[in-house]
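Structural overview
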Amino acid sequence: MKRQLAVEKAKELLEKMTTEEKVAQMIQVTYTDGGREEALKWAKMGAGSFLHVLGDDARELQREAMKTRLGIPVIFGIDCIHGHGLNTSATIFPSQLTCACSWNPEVARVMGEVSAREVATDGLHWTFSPVLCLARDTRWGRVNETFGEDPYLAGELGAAIIKGYQGDDLSDDEHILACAKHYLAYGEATGGRDAYDTEVTERKVREVFLPPFQKAVEAGCATIMTAYGFTDGTPLTADRHIMHDILRDELNFDGFVITDWDNTQSLVWLQHIAADISEASVMAASAGNDMIMTTKGFYEGMLNALKEGKVDISVVDEAVLHILTIKYEMELFDKPEKKGEPGCFGKEEHLDAARDAARKSVTLLRNNGMLPLGNGIKKIAVIGENADNVRAQYGDWTYFTHPVPDPTNSRPAHRPYVTLWEGVKEICDQEGIEASYAKGCAVIPKGEDDLEEAVRIAKDADAIIYAVGDVIPQFGEFSDRADLNLSGKQYELFELLKATGKPICTVLISSKPLCMGITAEQADAVVCGFNGGMFAGQALAEAIFGKINPSGRLPISFPHHSGQIPVYYNQMPGWHGGKYNDMPKTPLFAFGEGMGYSAFEYENLTCGSDLQVSVTVKNVGKVEGTETVQIYQNDCVSSVLTPVRRLIAFTQVTLGAGESKEVQIQLKKDDFALINKKCEKVVEPGEFILYAGHSSKEEDLISITIKM
Ligand code: GLC
């Protein structure tokens with residue numbers, strides 16, 4: 001159904017609703033809090049939505065909702081963050097951060113499309129994804145959920161996955177609603193502290209954090225989720241200027257907004273800006289939150305506020321109209337349950353999509369010639385807990401971590417999946433190479449380390465593949481880390497392995513950049529896998545043995561030391577000395593960095609008056625490879641400080657050995673805009689440096705100066 005017709009039908013229904021029915025429609029109830037009986041009670045009261053409920057439990061609630069006086073169907077939301085991970089049969093894709101290493105919007109779109117089909121097959125309508133926060137302080141526990149540190153890359157991939165989730169028609173049976181979150185600047189909280197204060201000005205919000213959400217709105221994202229945190233002392237949940245004036249009046253967002261988990265109640269007990277739930281309910285609704293996640297007290301709180309004249313019913317009407325409009329546009333009244341594609345879980349097309357995403361995300365960061373492994377190698381030692389740990393490989397937001405975290409982490413793993421050890425073993429068996437595995441040490445010390453066993457198999461091998469990283473309790477919501485060093489005896493084990501004199505390839509299997517130290521600086525090769533999903537191990541092994549030519553590029557910078565944070569690439573000029581006096585000037589690995597078994601050179605960068613950029617890229621390597629051509633700009637003189645470099649475009653090109661190609665990229669004038677002191681988006685006349693190249697590093701770029 002088209003939006004305008006949906007609005008008309010929503011208005012008609014709104015007029016028939018009682019005040020109680022309207023307020024109930026704004027409430028989203030979680031199934032995991034109070035279970036079936038409590039949920040059925042709310043379905044009978046006309047709650048508008050439920051979350052964290054699947055399959056038959058969801059169908060039962062929908063039946064109850066359809067029996068209410070006006071039979072308004074509920075909308076089911078779920079955290080499908082990199083696949084429908086709360087369902088044990090689902091296809092688990094690489095995390096958003098890992099997917100971002102592909103720099104490939106089509107990979108993101110397909111991830112959204114396949115995930116949507118599986119969510120819809122569960123009868124559900126809506127995912128709380130994508131995360132469009134920016135990960136600029138890697139101490140934050142939720143870095144893995146983001147597309148990295150850059151607004152442009154996050155916006156491009158976010159718009160793509162939204163299109164994958166939603167398709168072209170919200171009523172389509174195999175597509176679901178997307179939810180751009182967490183609006184906004186949630187990842188910028190001081191100290192990387194989850195849900196904490198974000199000391200940003202409105203100008204900074206508009207310059208850095210708003211652009212990805214603007215692209216989400218332009219992509220037609222149906223819902224937005226409000227961030228937990230607060231900017232300059234005002235919780236987003238209570239900030240009408242950001243939640244309504246900017247989001248609706250400026251960005252023209254016309255879907256509905258949902259708070260994050262119990263954020264209305266948080267205004268009382270956590271952020272202490274509301275004296276009671278009634279005041280908090282009025283604040284949240286008046287700020288522009290249409291749906292209230294899990295704060296059931298909102299029902300009485302809002303009804304009391306209405307009775308006491310503390311808020312006008314028009315606030316509730318506006319919220320309910322936004323919700324009902326989307327429900328009509330989805331044709332939920334005619335089709336209360338998505339059908340999806342019965343039997344699609346585990347179909348080859350879905351598994352192939354996850355495998356392809358994993359392959360395109362593998363990022364080779366260092367190689368002194370050790371890779372690709374092969375000729376002359378007779379024995380390989382694979383070492384490290386994360387080389388055979390599917391939970392670490394999956395990362396956050398799967399049935400291992402949610403909906404109710406299992407502290408013992410004892411939930412059984414469901415095939416298919418391939419760990420790094422299994423992927424290496426598979427290739428070694430095919431190639432007649434002997435492979436052995438030893439855990440060596442636990443990522444989180446549990447006293448069961450056996451470094452000697454690891455050293456023994458290493459001494460007996462021709463090459464070592466050593467996996468380092470983090471594990472589930474070390475990342476996620478409420479799980480920020482002040483110290484990003486590798487935990488346990490991971491460094492110590494590396495030293496022992498290094499002392500064997502055998503070539504070592506370090507593989508990072510982690511939720512985020514960690515301070516790899518000697519495990520990167522003294523390794524013969526370094527491969528970044530982050531949380532690569534079901535087939536991470538297969539993709540990593542294929543890259544290590546040269547079965548695929550790795551093409552990943554980092555969407556996020558790696559600090560040498562936690563104290564060096566922030567190390568994101570688009571830093572401002574003006575730091576005296578430009579570095580800490582006890583740290584290198586550059587990060588361990590830079591945004592946009594990544595290599596393969598080819599090598600690429602750039603020349604002949606030009607930019608026409610029509611802003612068409614042309615650059616010649618040549619593959620000077622010996623094998624075909626895919627290059628991500630990155631375009632950055634620097635505003636030479638600007639009325640406010642602007643970053644030393646800012647990504648404004650990228651494209652990918654596959655070139656055979658020795659092949660070169662003139663790559664064309666069309667820029668827009670807007671790519672050179674800044675947010676001035678008056679918070680206006682303007683392009684100031686003057687010179688700009690235009691860069692093209694392989695990464696954000698100066699040495700990887702060629703440049704010209706243009707005039708705007
Ligand atoms: C959580 C998260 C949010 C998630 C929601 C529902 O607290 O902040 O990202 O979608 O609650 O699970």
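Because the structure is predicted, anything quoted here is derived from the model rather than measured.

Procedures and definitions
Residues numbered from 1 in each chain as written. Predicted model: local features only at pLDDT ≥ 70, side-chain atom pairs only at ≥ 80, totals over all residues. Heavy atoms only, no water. Phe/Tyr/Trp six-rings, centres within 6.5 Å; stacked < 30°, edge-to-face > 60°. Helix = DSSP H or I, 4+ residues; strand = E, 2+ residues; numbered from the N terminus. Buried < 20%, exposed > 50% of the residue type's maximum accessible area, 1.4 Å probe, protein only. Lys NZ or Arg CZ within 6 Å of the ring centre and 35° of its normal. Pairing = 2+ DSSP bridges. Contact = heavy atoms within 4.5 Å. Polar contact = N/O pair within 3.5 Å; in protein donor to acceptor, adjacent residues only side chain to side chain. Near = heavy atom within 4 Å. Areas by Shrake-Rupley, 256 points an atom, 1.4 Å probe, with all protein chains shown as cover. Salt bridge = Lys/Arg side-chain N within 4 Å of Asp/Glu carboxyl O. Axes fitted to C-alpha atoms, helices over the stretch in contact; angles between N-to-C directions. Core = buried A, V, L, I, M, F, W, Y, C linked by side-chain atoms within 4.5 Å. Domains from an automatic or database assignment. Buried area = accessible area lost by both parts, 1.4 Å probe.

Before going further, it helps to spend a moment on the packing of aromatic side chains. Tallying each qualifying case throughout the model produces 22 aromatic pairs. Taking the centre distance of 5.2 Å and the plane angle of 75° together, the rings of W103 and F650 count as edge-to-face. Of this pair, W103 sits in the loop between α5 (96-100) and α6 (105-121) while F650 sits in strand β21 (residues 646-655), placing them 547 residues apart in sequence. The exposure class of W103 is buried, given its relative accessible area of 0%. Take F650: its relative accessible area is 14%, and that puts it in the buried class. Relative to F400, the ring of Y394 has its centre 5.8 Å away and its plane inclined at 40°; by these criteria the two rings are tilted. Comparing Y394 with F400 shows no difference in burial state: the two are buried. Joined through ring pairs, the aromatic side chains of W103, Y152, Y569, F591, Y632 and F650 make up one cluster. Cation over ring: R136 sits above Y568, and NZ or CZ is 4.0 Å from the ring centre. Note that R355 overlies the ring of F535, its terminal NZ or CZ placed 4.2 Å from the centroid.

Bringing the sheet that holds strand β11 (residues 292-293) into the picture now. Taken in spatial order, the five strands make up an open sheet running β4-β3-β2-β1-β11, and their pairing is parallel. In this open sheet, the two edge strands, each paired with only one partner strand, are β4 (126-127) and β11. Where strand β2 (residues 49-51) and strand β3 (residues 75-78) come together, three bridges link them in parallel fashion. Along β3, the bridge assignment pairs F50 with F76.

So, about the environment of Y691. Within the secondary structure, Y691 is located in strand β25 (residues 687-693). Taking the C-alpha atoms as reference points, Y691 and S703, 12 residues apart in sequence, are found 4.3 Å from one another. Once you skip the residues sitting within four places of it in the chain, Y691 turns out to touch L605, Q630, I631, Y632, Q633, N634, V644, R645, E698, L701, I702 and S703.

Structurally, H125 can be placed in the loop between α6 and β4. Looking at H125, its side chain comes within polar contact range of the main-chain oxygen of P336, at 2.9 Å. Once you skip the residues sitting within four places of it in the chain, H125 turns out to touch Q62, V74, I75, F76, I176, L177, M330, L332, P336, E337 and K338.

Taken together, 14 residues form the shell around the ligand, and within it D79, H182, Y228, D260 and E477 come nearest. Contact between the ligand and H182: an oxygen atom at 2.7 Å from a side-chain N or O atom of the residue. Residue Y228 places a side-chain N or O atom 2.5 Å away from an oxygen atom belonging to the ligand. In isolation the ligand offers 310 Å² of accessible surface; the protein chains occlude 97% of this area.

Turning next to the pattern of salt bridges. Counted under the stated rule, the structure contains 45 salt bridges. One salt bridge connects R59 with E337, and the closest N-O pair in it is separated by 2.8 Å. You can see R59 sitting in helix α4 (residues 55-66) and its partner E337 sitting in the loop between α13 (313-329) and α14 (348-361), a full 278 residues away along the chain. Judged by relative accessible area, which is 25%, E337 ranks as partly exposed. The closest approach of N and O atoms between D429 and K425, which form a salt bridge, is 2.9 Å. Remark: K425 and D429 occur in helix α16 (residues 420-431); sequence separation between them is four residues, near one turn of the helix. In this structure K425 comes out as partly exposed when scored by relative accessible area, which is 30%. One connected set of salt bridges, linked through shared partners, spans R117, E174, E341, K347 and E349.

To continue, consider the sheet that holds β25. One open sheet holds the four strands; their spatial order is β21-β20-β25-β26, and the pairing between them is antiparallel. In the strand order of this sheet, the two ends are held by β21 and β26 (701-707), each with one partner. Shown here is a sheet whose adjacent strand axes are inclined to one another by a mean of 20°, direction ignored. Bridge analysis of strand β20 (residues 625-635) against β21 gives nine bridges, and the strand direction is antiparallel.

Let us now look at the nonpolar core. Here is a general trend for soluble globular proteins: nonpolar side chains tend to be buried in one another's company. Residues F50, Y183, L184, I383, I631 and L667 are the most contacted members of the largest nonpolar core, which totals 202 residues. If you look at the next biggest cluster of nonpolar residues, it comprises 33 residues, including L371, I427, A463 and I509.

This part covers the domain arrangement of the protein chain. Entries for the protein chain in the domain assignment read domain 1 (2-15 + 24-329), domain 2 (362-564) and domain 3 (600-707). Placing a centre on the C-alpha atoms of domain 1 and another on those of domain 2 gives a separation of 34 Å. Facing the 39 residues of domain 1 at the interface are 35 residues of domain 2. Together, the buried faces of domain 1 and domain 2 total about 2900 Å²; carbon and sulfur atoms form 60% of this surface. The salt bridge partner of E477 is R142, with a shortest N-O separation of 3.6 Å. Sort the elements by how many residues they give to the side of domain 1 that touches domain 2 and α5 lands first, with three residues.

Another aspect to go through is unusual backbone geometry. Cis peptide bonds are those with omega within 30 degrees of zero, and the linkage from S129 to P130 qualifies with 15°. For P130, the position within the fold is in the loop between β4 and α7 (151-166). Cis geometry marks the peptide bond from I565 to P566, where omega comes out at 5°. Assignment of secondary structure puts P566 in the loop between α20 (536-544) and β18 (600-607). At F478, a position not held by glycine, the phi torsion is positive, near 65°. Along the polypeptide, F478 turns up in the loop between β15 (463-469) and α18 (490-498). For F478, a relative accessible area of 73% corresponds to the exposed category.

On to the environment of K585, then. Relative to the helices and strands, K585 resides in the loop between α20 and β18. Owing to a relative accessible area of 59%, K585 belongs among the exposed residues under this scheme. As for K585 and Q564, which are separated by 21 residues in sequence, their C-alpha atoms are 9.5 Å apart.

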